[in-house]
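# Residue-level structural notes
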Amino acid sequence: MAIKSNNFCIVLSSPSGAGKTTISKMLLKKDKKISLSISCTTRPMRKGEKNNKDYIFLSDNDFAKAIKANKFLEYAKVFGFKYGTLKKSVNYFFKKNKDVLFDIDWQGYQQLKQSNLEVVGIFILPPNKKELIKRLKTRARDTKDEMKKRMSLVQSEISHFPEYEYVVVNKDLNSCVQQIKNIVESERLKRSRLINITNFVNKFMN
Ligand code: 5GP
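All of the points below concern the structure found in this document.

### Brief notes about the overall build of the protein
The helix and strand tally for the protein stands at eight helices and nine strands. Taken over the C-alpha trace, the protein has a radius of gyration of 18 Å; the compact-globule value for 206 residues is 17 Å, and the two agree within 12%. With the C-alpha coordinates of the protein rotated into their principal frame, the extents come out at 70 × 40 × 30 Å. Buried residues in the protein amount to 42% of all 206 residues.

### Thoughts on the nonpolar core
Grouped together as the largest cluster of nonpolar side chains are 17 residues, with contacts concentrated most on I10, L12, I23, I122 and I180. Sorting the residues of this core by element identifies strand 1 (9–13), helix 1 (20–30), strand 8 (119–125) and helix 7 (173–188) as the ones contributing at least two each. Setting aside chain neighbours within four positions, we find L12 in contact with K20, I23, S24, L101, F102, D103, I104, I122, I124 and I180.

### Let's talk about a positive patch on the surface
On the surface, a cluster of positive charge is contributed by K25, K29, K32, K50 and K53. Position of K29 among the secondary structure elements: in helix 1. The exposure class of K29 is exposed, given its relative accessible area of 67%.

### A few points about unusual backbone geometry
For N70, which is not glycine, the phi torsion reads 60° and is therefore positive. In this fold, N70 is placed in the loop between helix 2 (60–68) and strand 5 (72–78). A positive phi angle, near 65°, is found at N196, a position not held by glycine. Mapped onto the secondary structure, N196 falls in the loop between helix 7 and helix 8 (197–205).

### Examining the site of the ligand
Around the ligand sit 18 residues, and of these K20, S39, R43, Y55 and Y83 come closest. For the ligand, a nitrogen atom lies 2.8 Å from a polar atom in the side chain of E74. Contact distances for the ligand include 3.3 Å between an oxygen atom and a backbone N or O atom of G84. Contact with the protein chains hides 95% of the accessible area of the ligand, taken as 510 Å² for the molecule alone. Only strand 5 and strand 6 (81–86) provide two or more residues apiece to the shell around the ligand. A per-class count over the shell around the ligand returns six nonpolar, four polar and eight charged.

### Looking at the pattern of salt bridges
Working definition: two side chains of opposite charge can pair if their charged atoms are close together. Enumeration over the complete set of coordinates arrives at 15 salt bridges. A salt bridge links E131 to R135; its shortest N-O distance comes to 3.3 Å. Taken together, the residues span about one helical turn, with E131 and R135 both in helix 5 (residues 129–138) at a distance of four residues. With relative accessibility at 24%, the residue E131 sits in the partly exposed group. Taken together, the salt bridges that share partners define one network made up of D31, D99, K181, E185 and R188.

### Structural notes on helix 4 (residues 106–113)
Within the span of helix 4, buried status applies to G108, Y109 and L112. Mapping the buried residues of helix 4 onto a view down its axis gives an arc of 100°, with all of them on the same face. Against the buried residues of helix 4 lie strand 1, strand 5, strand 7 (99–103) and strand 8.

About the cut-offs
Residues numbered from 1 in each chain as written. Predicted model: local features only at pLDDT ≥ 70, side-chain atom pairs only at ≥ 80, totals over all residues. Heavy atoms only, no water. Helix = DSSP H or I, 4+ residues; strand = E, 2+ residues; numbered from the N terminus. Rg over C-alpha atoms; globule rule 2.2 N^0.38 Å. Buried < 20%, exposed > 50% of the residue type's maximum accessible area, 1.4 Å probe, protein only. Core = buried A, V, L, I, M, F, W, Y, C linked by side-chain atoms within 4.5 Å. Contact = heavy atoms within 4.5 Å. Patch = residues over 30% accessible without salt bridge, like charges linked within 9 Å, V, L, I, M, F, W, Y side chains within 5 Å. Areas by Shrake-Rupley, 256 points an atom, 1.4 Å probe, with all protein chains shown as cover. Salt bridge = Lys/Arg side-chain N within 4 Å of Asp/Glu carboxyl O. Lys, Arg positive; Asp, Glu negative; His and termini not counted. Charge placed at Lys NZ, Arg CZ, Asp CG, Glu CD. Near = heavy atom within 4 Å. Polar contact = N/O pair within 3.5 Å; in protein donor to acceptor, adjacent residues only side chain to side chain. Nonpolar A, V, L, I, M, F, W, Y, C, P; charged D, E, K, R; others polar. Arc of directions from axis to C-beta.

Written out as structure tokens, the structure is:
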């Protein structure tokens, strides 16, 4: 008999340049029971990005309307733009019996923790400062101004690591992804998340 588990939210947060986007993509390939929550943002689309795939790109006006209509599970201002998770996209995946992966910042994580959802927070750290600066500098997708803004915020972002249940250092990409997969697998086996475990165990008692 397969023991089913309640679905939960997996939040990955990190300072810019820790490799979070690559890690998320690899994790989704490795674990088919996880789906990625696509956020809304008012940030301009970068080269290579697609609407509804990387983000749902909204105007300031449409984002404000969605806030007013109470459509967001969480939202925050990050690097001068607004980012938010729609309630309906998370519900959609839970109905499909998936765990949902969130690539969101510490502000969004704090809001999710206050919701009635089951949330597991994982903070990803770069291996060292030198490597972080190198990664930020070689990231072709950011403009110089954007990069400067992100660099200045790295320390404040890192200061939030104690709020997370797990911390993983991205020294080696493959082992970092494996560690996160292991965390998710262990979380699925938490007794409190196992559906009908009492009935299952009771069968041994009679
Ligand atoms: P980027 O512009 O590089 O794609 O993302 C910038 C930051 O915004 C990242 O730290 C990312 O995790 C965060 N972010 C992306 N989507 C959301 C969201 O829906 N909510 C919150 N709070 N942060 C988000």
